[in-house]
Amino acid sequence: MPSLEDIRRAAAGLRGRIHRTPMIESSALDEQFGGRLTLKAELFQKTGSFKVRGLLTKTLKLTAEERARGVVTVSAGNAAGALAWAARDAGVPATVVMAKTAVPAKIAAARAYGAQVELVEGDLIGAYESIRDERKLTGVHPFDDLDVITGHGSLGLELLEDRPDLDTVLVPVGGGGLISGVALAVKLLRPGIRVIGIEPETADVVSRSLAAGSPQKLPTARSVADGLAAPVCGTENFAIITQYVDEVVRVSEAALIEATKLVMSRTKLAVEPAAAAPFAALLEGKVELNGLTAAVVSGGNLDVGKLAL
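Residues numbered from 1 in each chain as written. Predicted model: local features only at pLDDT ≥ 70, side-chain atom pairs only at ≥ 80, totals over all residues. Heavy atoms only, no water.

Caption draft 1: Summary view of the pattern of salt bridges. Counted according to the given criterion, the structure contains 25 salt bridges. For Asp 165, the salt bridge is made with Arg 36, and the minimal N-O distance between the two is 3.5 Å. In this pair, Asp 165 sits in the loop between helix H8 (146-162) and strand E7 (168-172) while Arg 36 sits in strand E2 (residues 36-41), placing the two residues 129 residues apart along the sequence. Taking the shortest distance from any N to any O, the salt bridge between Arg 132 and Asp 133 comes out at 2.9 Å. Residue classification places Arg 132 among the partly exposed positions, given a relative accessible area of 24%. It is possible to trace a salt-bridge network through shared partners that takes in Arg 20, Lys 40, Glu 42, Arg 53, Glu 158, Glu 161 and Asp 162. (Salt bridge = Lys/Arg side-chain N within 4 Å of Asp/Glu carboxyl O. Helix = DSSP H or I, 4+ residues; strand = E, 2+ residues; numbered from the N terminus. Buried < 20%, exposed > 50% of the residue type's maximum accessible area, 1.4 Å probe, protein only.)

Right, dumping it as structure tokens:
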């Protein structure tokens, strides 16, 4: 498991390469939810999401031989764009495996950053593993990787540097990469801060894994919050979540859509539904504000058409 020093080294390696994203307040949201909120606006990050933190950290740690072979990942979209961007920056060939049903804008972004995009049907993880092995590429898992987790921990450090008076952190949850990094950094520095994860009811692999006591796999995982629709809970992520995350709650598809509209209306931030997950939990009363709460707004690669559902 990464140490606090590991996370600090990763943050130092990212400094000057990615954005220091702002913390944003909204009196309208504070009034609506009856508490104090601050939003960590990762939609302003390179490639439009937090993913570059972990995937650039991983890319920077590859050996010369691993870089020469080229990298490959599997993604709903945000990790694809992040790895494509990081690999281009490092001069490394990149391949990304995505579903044919992925958001077109996210497919286009990965291609624009120079990646070879493989669109597949069915088992994405299986397709990723086959392409990795057949082409002898260097696999970069989008969340179940300690270097990726360590890079995401840089976000947790920034939260506490910018708002040392935090009481609670709300984090969107897919396969567990973001929350494991953030929770690790936050809890190693301030064990008393609550860390709460939010995932879709229709893609609740982390909740199911916690209930079962081991990482689980879903036969299908679909959500309007496509960035959170991971079919598996990472093994490394599960270990960290079990130890450092206080609670994971589930939210409905209707709440995710309503929360996306709410955040866009009140803050003018063009968030994607995955990034609005913390506000869906607040709308449904799954989380109560107690002290200063940071909501991690994880990304803004929005598929506008989904808001009409």
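Caption draft 2: Highlighting the nonpolar core. Membership of the largest hydrophobic core comes to 39 residues, with the highest contact counts inside it found for Leu 159, Leu 166, Val 169, Val 171 and Val 182. Put simply, the parts of the chain that give this core at least two residues each are helix H1 (4-14), H8, E7, helix H9 (177-189), helix H10 (205-212), helix H11 (235-244) and strand E10 (292-297). In terms of residues, this core owes the most to one element, H9, which gives 7 residues. Among all residues touching Val 169, those that are not within four sequence positions of it are Leu 159, Val 182, Ile 193, Arg 194, Val 195, Ile 196, Ala 294 and Val 296. (Core = buried A, V, L, I, M, F, W, Y, C linked by side-chain atoms within 4.5 Å. Contact = heavy atoms within 4.5 Å.)

Caption draft 3: Seen up close, the packing of H1 against H8. At their nearest, the axes of H1 and H8 sit 8 Å apart, and the two run at 90 degrees to each other. On the basis of the axis angle, H1 is roughly perpendicular to H8. Here Leu 4, Asp 6, Ile 7, Arg 8, Ala 10, Ala 11 and Leu 14 of H1 lie close against H8, whose contacting residues are Thr 150, Gly 151, Gly 153, Ser 154 and Leu 157. Class assignment of the residues belonging to the contact of H1 with H8 gives a composition of 6 nonpolar, 4 polar and 2 charged. (Axes fitted to C-alpha atoms, helices over the stretch in contact; angles between N-to-C directions. Parallel < 35°, antiparallel > 145°, perpendicular 65-115°, else oblique. Nonpolar A, V, L, I, M, F, W, Y, C, P; charged D, E, K, R; others polar.)

Caption draft 4: Focus on the sheet that holds strand E3 (residues 71-74). One open sheet accounts for 4 strands, arranged E5-E4-E3-E6; its pairing is parallel. Looking at which strands have only one partner, the edges of the open sheet turn out to be strand E5 (116-120) and strand E6 (138-139). Where E3 meets strand E4 (residues 94-99), 4 bridges bridge the pair, whose relative direction is parallel. Bridge assignment links Thr 73 to a residue of E4, and that residue is Val 96. Seen against the sheet, helix H5 (residues 78-90) touches E3 and E4 and runs at an angle of roughly 165 degrees to E3. (Pairing = 2+ DSSP bridges.)

Caption draft 5: Expanded view of the sheet that holds strand E1 (residues 23-24). What the 6 strands build is an open sheet, ordered E1-E2-E10-E7-E8-E9; its pairing is mixed. Each edge of the open sheet is held by one strand with a lone partner, namely E1 and strand E9 (247-251). Bridge count for E2 against E10 is 6 bridges, and the pairing is parallel. Bridging across to E10, Leu 37 finds its partner in Thr 293.

Caption draft 6: Inspection of H10 at higher detail. Turning to H10, its buried residues are Val 205, Val 206, Ser 207 and Ser 209. Packing partners of the buried residues in H10 comprise strand E8 (194-200), H11 and E9.

Caption draft 7: Fine view of the pairing of E2. The element E2 is largely enclosed, with a buried count of 5 among its 6 residues. Bridge count for E1 against E2 is 2 bridges, and the pairing is antiparallel. Across the sheet, the residue bridging to Met 23 is Lys 40, located in E2.

Interpretation note: all reported values are geometric properties and have no functional meaning in isolation.
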